[in-house]
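Residue strings, one per chain:
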Amino acid sequence: MTSRVFRGSFTQQEPIPEEAIEAAVAVMRSGRLHRYNLANDERGETALLEREFADWQGSTYCLALASGGQSIQIGLRAAEVGTGDRVLTNAFTLAPVPGAIAAVGGLPVLVEIDENLRLDLDDLDRKAAESGAKTLLLSHMRGHLCDMDGLMAVAARRGFRVIEDCAHTMGARWNRTKSGNFGMAACFSTQTYKHMNSGEGGFLTSHDPDFMARATILSGSYMFYDRHGAGPDERHFEATRYQMPNHSARMDALRAAILRPQLPRLEENIARWNALYNTVAAELVKCSAIAVPMRPQNEDMVGSSIQFRVPALDAAGCQALTRRCGEHGVQLKWFGNNEPSGFTSGHGSWQYFDSQSLPCTDRILSTLFDMRLPLTFSPQDCKLIADIILENVGTVRP
Ligand SMILES: *Cc1c(COP(=O)(O)O)cnc(C)c1O
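Residues numbered from 1 in each chain as written. Predicted model: local features only at pLDDT ≥ 70, side-chain atom pairs only at ≥ 80, totals over all residues. Heavy atoms only, no water.

### Re the sheet that holds strand β10 (residues 299-300)
Sheet strands associate in pairs through backbone hydrogen bonding, adopting either a parallel or an antiparallel arrangement.
Link 1 in the chain: Read from one edge of the open sheet, three strands run β7-β6-β10, paired in antiparallel fashion. The strands lining the two open edges of the sheet, one partner per strand, are β7 (177-178) and β10.
Link 2 in the chain: Across two bridges, the pairing between strand β6 (residues 173-174) and β10 is antiparallel. Residue pairing for β10: arginine 173 is matched across the bridge by aspartate 300. (Pairing = 2+ DSSP bridges. Helix = DSSP H or I, 4+ residues; strand = E, 2+ residues; numbered from the N terminus.)

### Thoughts on the pairing of strand β11 (residues 305-309)
Link 1 in the chain: With respect to burial, β11 is a largely interior element, five of its five residues being buried.
Link 2 in the chain: With burial as the criterion, each face of β11 is covered, one bearing Ser305, Gln307 and Arg309 and the other bearing Ile306 and Phe308.
Link 3 in the chain: As defined by bridge partners, β11 adjoins strand β13 (residues 368-372) across five bridges and the pair is classed as antiparallel. By the bridge assignment for β13, phenylalanine 308 is matched with phenylalanine 369. (Buried < 20%, exposed > 50% of the residue type's maximum accessible area, 1.4 Å probe, protein only.)

### Details of the nonpolar core
Link 1 in the chain: Ranked by size, the top nonpolar core spans 78 residues in total, and within it Leu124, Leu151, Phe203, Val330, Met371 and Ile389 carry the most contacts.
Link 2 in the chain: Three or more residues apiece are contributed to this core by two domains, here domain 1 (18-264) and domain 2 (266-396).
Link 3 in the chain: Leu65, Ile74, Leu76 and Leu137 belong to the second-largest nonpolar core, a separate cluster that totals 29 residues. (Core = buried A, V, L, I, M, F, W, Y, C linked by side-chain atoms within 4.5 Å. Domains from an automatic or database assignment.)

### Re the sheet that holds β13
Link 1 in the chain: With respect to topology, three strands assemble into an open sheet ordered β11-β13-β12, the strand pairing being antiparallel. The open sheet has two edge strands, β11 and β12 (333-334), and neither has a second partner.
Link 2 in the chain: Against the sheet, helix α10 (residues 266-284) touches β11 and β13, its axis set at about 15° to β11. (Contact = heavy atoms within 4.5 Å. Axes fitted to C-alpha atoms, helices over the stretch in contact; angles between N-to-C directions.)

### Examining the site of the ligand
Link 1 in the chain: The local shell around the ligand holds 15 residues, among which Gly68, Gly69, His168, Ser189 and Lys194 are the closest.
Link 2 in the chain: One nitrogen or oxygen atom from the main chain of glycine 68 is found 2.7 Å from an oxygen atom belonging to the ligand.
Link 3 in the chain: Within the side chain of serine 189, one N or O atom sits 2.7 Å away from an oxygen atom of the ligand.
Link 4 in the chain: Relative to its unbound accessible surface of 380 Å², the ligand loses 92% to contact with the protein.
Link 5 in the chain: Breaking the shell around the ligand down by element, the ones donating at least two residues are α3 (68-78) and α4 (96-103).
Link 6 in the chain: Top contributing element to the shell around the ligand by residue count: α3, with three residues.
Link 7 in the chain: Looking at side-chain class alone, the shell around the ligand contains five nonpolar, eight polar and two charged residues. (Near = heavy atom within 4 Å. Polar contact = N/O pair within 3.5 Å; in protein donor to acceptor, adjacent residues only side chain to side chain. Areas by Shrake-Rupley, 256 points an atom, 1.4 Å probe, with all protein chains shown as cover. Nonpolar A, V, L, I, M, F, W, Y, C, P; charged D, E, K, R; others polar.)

### Concerning the packing of α3 against α4
Link 1 in the chain: Running from N to C, α3 and α4 cross one another at 40°; their axes reach a closest spacing of 9 Å. One way to sum up the angle between α3 and α4 is to call them oblique. The handedness of the crossing between α3 and α4 is right-handed. Contact residues: α3 offers Gly69, Ile72, Gln73, Leu76 and Arg77, while α4 offers Val97, Ala100, Ile101 and Ala103.
Link 2 in the chain: Within the contact of α3 with α4, the residues separate by chemical class into six nonpolar, two polar and one charged. (Parallel < 35°, antiparallel > 145°, perpendicular 65-115°, else oblique. Left-handed = near helix turned anticlockwise from the far one by under 90°.)

### Some points on the domain arrangement of the chain
Link 1 in the chain: Structurally, the chain comprises domain 1 (18-264) and domain 2 (266-396).
Link 2 in the chain: Distance from the C-alpha centre of domain 1 to the C-alpha centre of domain 2: 26 Å.
Link 3 in the chain: Facing the 42 residues of domain 1 at the interface are 36 residues of domain 2.
Link 4 in the chain: Of the roughly 3,400 Å² buried where domain 1 meets domain 2, counting both sides, 56% is carbon and sulfur surface.
Link 5 in the chain: Put simply, domain 1 and domain 2 have four salt bridges between them.
Link 6 in the chain: Notably, a salt bridge pairs aspartate 300 with arginine 176, separated by 3.3 Å at the nearest N-O pair.
Link 7 in the chain: Inspection of the region where domain 1 meets domain 2 yields 19 residue pairs in polar contact (both at pLDDT 80 or more).
Link 8 in the chain: Mapped onto the side of domain 1 that touches domain 2, the elements with two or more residues apiece are α4, β3 (107-111) and β6.
Link 9 in the chain: Looking at the side of domain 1 that touches domain 2, the element that brings in the most residues is β3, giving four residues. (Buried area = accessible area lost by both parts, 1.4 Å probe. Salt bridge = Lys/Arg side-chain N within 4 Å of Asp/Glu carboxyl O.)

Listed below in structure tokens is the structure:
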């Protein structure tokens with residue numbers, strides 16, 4: 001038995017590209033950091049980024065925002081979700097998702113996940129019928145796209161709209177269609193741990209001009225909506241500009257400058273993430289005690305993190321595995337923890353709405369582990385990480 005230790009950091013991202021640093025310095029030298037503070041014919045970094053992201057994503061409209069969470073909140077508000085409205089969402093997601101529903105006065109209706117961490121479409125169908133919810137906030141949690149054709153069929157049958165939370169699927173595809181292009185709108189994050197890094201930031205995309213006009217005014221555009229890079233025509237603002245409150249959630253020029261040079265590198269980075277993911281997954285599947293989620297043929301993933309279960313373990317075993325891997329430099333997050341910790345929390349700790357019974361999700365999460373795969377890791381690092389996990393699963397197995 002080896003006692004090798006991994007020395008890398010699971011929270012260390014790559015540096016911002018030099019070109020982006022130069023662009024950011026140029027914005028600072030100009031003094032014009034606010035997105036609407038433009039010289040004569042200037043388009044501005046934020047508007048240019050909106051145009052470029054819309055083109056990359058294949059969406060008609062794109063609005064740059066201060067965070068991914070803000071893009072969800074504004075998306076829900078622009079979809080006219082209000083006080084007391086039920087909103088279907090995944091029981092397995094991160095805190096900003098139910099948080100955004102609560103921020104608009106909505107009531108989350110949590111839907112079970114299956115063993116591959118995808119939304120359970122039968123439970124979705126049942127809860128859509130029971131609750132009468134008119135909106136699904138679909139979280140593509142940890143990049144596991146569900147059967148999007150099946151999901152959209154349930155949506156059509158039950159008459160609810162879909163807003164996609166693509167915080168973990170920027171660049172992923174289902175049957176060659178990019179995630180975010182299935183529902184009426186999609187929300188993206190450019191927070192440090194996602195697929196582009198501006199510290200904080202987000203995008204809202206859609207093909208619906210009236211929805212996008214509402215979102216633009218909500219984002220705090222004042223009457224500068226004509227200074228956007230991928231927004232709807234003026235006529236869509238005629239009534240909306242008097243009706244929507246300003247929620248001040250704009251993206252500034254500095255962050256946009258940091259993001260623009262990252263966009264052309266995204267496809268290459270996706271291939272790099274997938275190489276890291278595949279290295280870890282290829283090792284973990286060799287151990288019969290470990291269940292790695294199945295990745296369907298229809299999915300083109302972005303493997304920026306990996307999840308696996310050790311179904312035979314009890315809570316003490318899961319804690320022991322987390323501790324021992326940690327002692328060897330491998331930081332696992334365990335979704336079965338009753339106490340929220342770091343970025344990780346479960347539906348049981350979102351006590352600002354009524355608790356809901358989710359036996360399948362709870363059973364799956366009770367032995368679910370999660371690990372980031374930052375691009376500062378090499379495939380050799382990933383091999384070592386996988387070896388350490390395998391070795392320690394061996395020591396804690398009942
Ligand atoms: C990060 C994240 C968000 C929100 O993004 P922020 O930019 O951090 O506000 C939303 N949903 C999921 C699943 C996330 O991981």
